[in-house]
Amino acid sequence: MKIISFLIVSFFFIYCKQETKINPHSVTGMVQENTHSKEAIKMLRDFYLNFYSSDEPLDKKKSMKDFVSSRVLKRIDSLTKNPENLIIDYDPFIKGQDYNGESIKKSLEIKPLKNNDEYRVSFLQFGGQDEAKTNIDVLVKKDDSGKFLIYSIINDEHLNFK
Amino acid sequence: MGAITGNQNPIVGETNSYGINLFGALPFISSNASYEWYLFKKQKSGGWMDITKNGVPKKGMKVDYKFFEPVAGELFEIRVFEVVQGLLPSVEPSKKLFGKLEVTPASSRNAQIDKVVLFNRGKKDINRANYTDTLVAQAFCTGLFGKEIEFQLWEDDAAGKGHDAAVNKNNKIPHVFKATVNERGIAEAKILLSADEKIMRQVANKFLMKGDSDEGANHEYYVTATYLGKGEKASQINVLAANPDYQPKPKTDSPKFPATSTGKTPKQPDAKGKILDAYFADAGGGKLTKVQVGKKVQVKIKTSGMVGKHVQYKVWEYDLGSNDLVYESGKIKVVNDLILTGSFTISQGTFGKGIDFGSMDSDSGKQNYFLEVIPIDVSAESQKFGVNSDGLMEVEKVRSPTTVNPTPEKDDKKSDKKADCCIIDEEYFLKNYELEFPKKNKQGKLIPLSNSVKNSLRRMFRSISEYYSNEKRCCNKYHIAYLLATAKLETGHTFDPVEEANWLSANVRKKYFQEMYDPVLGKSDKRKKMAKDNENTKEGDGEKYYGRGYVQLTWKKNYRKMQEKFGVNLVDNRENALNHELAVKIMIYGSEKGVFTGRKLSDYITNNSKDYYNARRVINGVDQAAKIQGYAEKIEKCLKIKECNCKESSSKSKPQTKEKYNIEAAVNYINKNALAKSEGACAKYVRKAINAGGIANIFGHATEYYDTDKLVKYGFTKVGTDINSITLKKGDIAAFGSVKGHPYGHVAMWNGTQWVSDFKQKSFWVANQYSTDKKYAIYRWNN
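Residues numbered from 1 in each chain as written. Chains lettered and ligands numbered in written order. Predicted model: local features only at pLDDT ≥ 70, side-chain atom pairs only at ≥ 80, totals over all residues. Heavy atoms only, no water.

Caption draft 1: Geometry of the sheet that holds strand β4 (residues 148-153) of chain A. Residues and elements named next belong to chain A. Reading across the sheet, the four strands line up as β1-β2-β3-β4 and stay open at both edges, with antiparallel pairing between neighbours. The open sheet has two edge strands with one neighbour each: β1 (109-112) and β4. Direction aside, neighbouring strands of the sheet carry axes that sit 35° apart on average. For β1 and strand β2 (residues 118-123), the ladder comprises four bridges, and the chain directions are antiparallel. In the strand pairing of β2, proline 112 is matched with tyrosine 119. (Pairing = 2+ DSSP bridges. Helix = DSSP H or I, 4+ residues; strand = E, 2+ residues; numbered from the N terminus. Axes fitted to C-alpha atoms, helices over the stretch in contact; angles between N-to-C directions.)

Caption draft 2: Structural view of helix α14 (residues 625-638) of chain B. All names here are of chain B. Taking 1.5 Å of rise per residue, 14 residues should cover 20 Å, and α14 covers 20 Å from first to last C-alpha, within 8% of that figure. All of the buried residues along α14 are Ala625, Ile628, Tyr631, Ala632, Ile635, Glu636 and Cys638. Angular distribution of buried residues about the axis of α14 spans 145°; they occupy a single face of the element. Where α14 is buried, its residues contact α5 (426-436) and α7 (477-490). (Expected span 1.5 Å × (residues − 1). Buried < 20%, exposed > 50% of the residue type's maximum accessible area, 1.4 Å probe, protein only. Arc of directions from axis to C-beta. Contact = heavy atoms within 4.5 Å.)

Caption draft 3: Up close: the nonpolar core. By size, the foremost hydrophobic cluster in this structure holds 60 residues, and its most contacted members are Phe429(B), Ile464(B), Tyr468(B), Ile480(B), Leu484(B) and Met562(B). No other element matches α7(B), which puts nine residues into this core. Look past the residues within four positions of Met562(B) in its chain and what remains in contact with it is Leu553(B), Gly567(B), Leu570(B), Ile586(B), Tyr589(B), Gly590(B), Val595(B) and Phe596(B). Within the second largest apolar cluster, 31 residues are counted, among which are Met43(A), Tyr48(A), Val68(A) and Ile76(A). (Core = buried A, V, L, I, M, F, W, Y, C linked by side-chain atoms within 4.5 Å.)

Caption draft 4: Highlighting the side chain of Asp114(B). All names here are of chain B. Counting through the fold element by element, aspartate 114 comes out in strand β9 (residues 112-119). For the buried aspartate 114, no salt bridge exists, and the shortest N-O distance to an oppositely charged side chain is 5.7 Å, to lysine 233. At 2.7 Å, the side chain of aspartate 114 and the side chain of glutamine 112 are in polar contact. Every residue in contact with aspartate 114, bar those within four places of it in the chain, is listed here: Gly13, Phe68, Glu69, Phe140, Cys141, Thr142 and Lys233. (Lys, Arg positive; Asp, Glu negative; His and termini not counted. Salt bridge = Lys/Arg side-chain N within 4 Å of Asp/Glu carboxyl O. Polar contact = N/O pair within 3.5 Å; in protein donor to acceptor, adjacent residues only side chain to side chain.)

Caption draft 5: Expanded view of the sheet that holds strand β31 (residues 716-720) of chain B. All names here are of chain B. Taken in spatial order, the five strands make up an open sheet running β31-β35-β32-β33-β34, and their pairing is antiparallel. Looking at which strands have only one partner, the edges of the open sheet turn out to be β31 and β34 (755-756). Across the face of the sheet, helix α17 (residues 682-693) comes into contact with β32 (733-736), β33 (746-750) and β34 while running at roughly 40° to β33.

Right, here's the structure in full:
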């Protein structure tokens, strides 16, 4: 009986060890391969191209609500409520107050981050000499209707919802 | 209480008179009264501070005041006290406030330099210096915020006070110092005397004050300042720099030029071996006293008791400060008492070695050479010949079909164009280079970077800027870091162009080049084929087209390519590749275009990624790649490249003319498009309003409108930094710098009644932190 018990315990131990080994790889593989992330990336690309590749939105019928969750929009609204004491006076989606649409269009890159549902949007904001890329890390999730929306800006202290 | 009359908004830079209002105050004026004038300045705290010069009031019924640009827009108060003497000597005089007048100096309508000073900061006597000191030149300017002021140093030979331009016309120190006018209206340049010591001493000693027999114990310096070559103002008090060349009565038998050391131990005179004479000679052996660049010369050496021994000669360019070595021969066997050596060409490369400061150096047109003959295998002393004014050989640079100008673009009108691209902050670089690459002596003390390395680096920086200016494009900082790292390694840290395998003896070198690069004498079939593939087709090409310059330009093919690119005869006059300026251009062009190996710098280094290790493949596989990588990483930290103004140098984006900016159009735009509330897009909306006014190509975070001269560059004027002292005008722009919690700053436009950014603001301040820090400036378009 002792031997059987030992074998059972050993089997579980080995099995669990293999699981922990395999899991990280399979998760990474899923993020890069699954269709969800591709759709999320497409949404982010559409969002940036629509609102930031030119001074005016490409499609004026589309609004921020089509791409950004209401919790993010509400938070931004509250941060900019007092005109005499703005908490943020920049656009958190570009970390700035102005941009060169042509530069953003040409340099826009979106990559999945290590964690599921997190993506990095990178671009050259003005396309100037020696300009470093601006990185916006966002959390993208599906809403109840199955539409991908930006749920937080991870690298913004006011909008990371932590 | 009486009253004071005078201009309450004096224009800065102008002298204004203020007087007692006799009419208004007549009943109070006492016959035995005098008046003392004090100046007070309003403090941020709200109080007044007495800023009367040295605490000594001006006296009289009428006095003058002059304000300078830094205080434009600030509030002052002139206070006059009436001092009434007691009727009896024993009675103390009474002093009471007679009147006061608030004054706010206004910016000048005309941009100008008001005053220039030169001094030795931190010294007990700020008007005295040594050549190891750093002088400070300051220009106090009006309406020139953000503009570049050029300082020119002069040695004063005019007698008495003042500077006589005619007398001092030859005393210009060939180095222009530049500084940008800060928000206080002051441009300050640091003049490191040690950096230019040689040329300064040379200039100073060359011309004397009328009636003087020598320059004396001191060199007197003053500085002039100009903006775009105009509005020259000079400092009034000279700085006296101790003249290191001053010797009250030099001993006639003291050696003026110490002999070159040729051995580890001092040689003893050798009775049997003597070098008696040497001079430059033509092909027939006739003595040469004058020659043009491009010509071949030989050297005639007269010896005694040295047959069978060897000598070497060096050609020096004569300078009063220190001499420049321009050529040195290989080992020469003495076959007779009188020998005529093989010829060498005084090429542009040779000539260039005698020039310290480009075309501004007095040596850039004409030089004087003398000889030093060094015995190799006897203990005779080396000797110098022709060092007096009669013996020197004059070498002249003339434009003729036989001469080659290594920088053809410099002689045409284009060369007058100011280099605007890739301007490296020289002082910042040198300061940080010493920190990144510290050299210590045995005691562990830091050894400062030598002047020759500093000068070589400065030359390189100017050539880099000139290259990109000619190309009309901006440089990549990381490319520059890598190329400088390459130059550092290839030149053994001297940053002077070098010849390949220069440490080998002439014969060994020749053999090495034949084996490596000759199509006939190559050491293997592979090397021979490689030689032919690279256009080294004839026997002898191997020893001709060996490595020269910063990246060892090798093979006839590459010499030809560079000749075609830069219009300089490199195929026939290969020494031109050693010209500092050309060597820099060859390095940049060859590396960026992939001329050397087919691989380009941009394959490894871009704005967003850099692989300093593999970038070596652009030059030579991965040979020394790690070492250069290390250098590049450090050099990158030393590099500060000023904002690229290449586009500004073309007419396209020069400051807009006044007619092209329409304030009304700008204000209309911002009024019409303002949002109901802030969307964090102030810079975009103000920028678009400026665009609507007629100025294009302006972008950036709001803080950049405050931190840089972005608006000034386009023709706006900074009118002040105190909102309470400025009468706002429609179209005025307020730019706020970055403050805690607001990293991108803020910018807004005054529409005549309120401030508008991306929304119509309720107040000037859009966040508490801005009102706390008060880091802002107001800009105005003046038609």
